[in-house]
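Observations on the three-dimensional arrangement
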Amino acid sequence: MEFEFNELNPTKDDFIRLHQTTGWNAKGLYTYDQLYTAICNSWYSVSIYHNKYLIGYGRIISDGIYQTLFCDVMVHPEYQKQGIGKKIMNSLLKKCDEEGIKWVQLFCAKGKQEFYKKLGFNSRDSEAPGMSLFL
């Protein structure tokens, strides 16, 4: 199967179609206009297509020096377990390496921790847990 890879954001319609397969906006906290604006403000992003159909996406929020967060890594359910997620992650990691970024953080969907562990990610140390605040 041939995939087309590019370092551009997808169209809004393509992004919405893929994002809807994740269930991440089930509570409707954000409009799709807001979510699309968010990805357009990313430091770096990658999109993967099959037959001109967006099947994978991932992005980085970063200051370009040391604060780096991987977000919205998603693969259409029909294309999972075919190495697409790994291809996205490798591209994001390569960009960080090229820019000299040493520390990468990410949030992952429930049940996806093992995927990221295979790529070298570790859970945060219990002595330095992350925290968040929802406003």
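Attention in this report is confined to the structure presented alongside it. (Residues numbered from 1 in each chain as written. Predicted model: local features only at pLDDT ≥ 70, side-chain atom pairs only at ≥ 80, totals over all residues. Heavy atoms only, no water.)

Further remarks concern the pairing of strand 2 (residues 44-50). Of all seven residues that make up strand 2, seven are buried, and the element is covered over most of its length. Going residue by residue along strand 2, you find Tyr 44, Val 46, Ile 48 and His 50 tucked away on one face and Ser 45, Ser 47 and Tyr 49 tucked away on the opposite face as well. When strand 2 meets strand 3 (residues 53-62), the two strands line up antiparallel, connected through seven bridges. For Ser 47, the partnering residue across the bridge sits in strand 3 and is Tyr 57. Connecting strand 2 to the antiparallel partner strand 3 that follows it, the hairpin turn spans two residues, and Asn 51 within it adopts a positive phi of roughly 50°. (Buried < 20%, exposed > 50% of the residue type's maximum accessible area, 1.4 Å probe, protein only. Helix = DSSP H or I, 4+ residues; strand = E, 2+ residues; numbered from the N terminus. Pairing = 2+ DSSP bridges.)

An order of 1-2-3-4-5 is seen for the five strands of this open sheet, with the pairing classed as mixed. Strands with a single pairing partner mark the edges of an open sheet, and in this sheet they are strand 1 (4-6) and strand 5 (105-106). Where strand 1 meets strand 2, three bridges bridge the pair, whose relative direction is antiparallel. Each residue of the ladder has a partner; that of Asn 6, found in strand 2, is Ser 47. In the packing of helix 1 (residues 12-20) onto the sheet, the strands contacted are strand 2, strand 3 and strand 4 (68-75), and the crossing angle to strand 3 comes to about 95°. (Contact = heavy atoms within 4.5 Å. Axes fitted to C-alpha atoms, helices over the stretch in contact; angles between N-to-C directions.)

So, about the packing of aromatic side chains. For any pair of aromatic rings, the description rests on two quantities: the centre-to-centre distance and the angle between the ring planes. All chains considered together, the criterion is met by five aromatic pairs. Plain terms: the ring middles of Phe 15 and Tyr 57 are 6.0 Å apart, the flat faces sit at 75° to each other, and that makes the pair edge-to-face. Note that Phe 15 is positioned in helix 1 and Tyr 57 in strand 3, a separation of 42 residues in sequence. Summarising the aromatic geometry, the rings of Phe 115 and Tyr 116 are spaced 4.9 Å apart at their centres and angled 80° between planes, so their arrangement reads as edge-to-face. Exposure remark for Phe 115: the relative accessible area of 31% places this residue in the partly exposed category. Tyr 116 gets classed as buried once you look at its relative accessible area, which sits at 9%. Three or more aromatic residues joined by ring pairs make a cluster, and in this case those are Phe 70, Phe 115, Tyr 116 and Phe 121. In this arrangement the basic side chain of Lys 95 is found over the ring face of Trp 43, its NZ or CZ atom lying 5.6 Å from the centre. (Phe/Tyr/Trp six-rings, centres within 6.5 Å; stacked < 30°, edge-to-face > 60°. Lys NZ or Arg CZ within 6 Å of the ring centre and 35° of its normal.)

With that settled, the discussion passes to the pattern of salt bridges. Scanning the entire structure with this criterion turns up six salt bridges. In this structure, the salt-bridge partner of Lys 12 is Asp 33, at a minimum N-O distance of 1.8 Å. Residue Lys 12 is located in helix 1, and its partner Asp 33 is located in helix 2 (residues 32-40); the two are separated by 21 residues in the primary sequence. In this structure, the salt-bridge partner of Arg 17 is Asp 14, at a minimum N-O distance of 2.5 Å. Within this pair, Arg 17 and its partner Asp 14 are both found in helix 1, separated by three residues, close to a single helical turn. Judged by relative accessible area, Arg 17 falls into the partly exposed class, the value being 40%. (Salt bridge = Lys/Arg side-chain N within 4 Å of Asp/Glu carboxyl O.)

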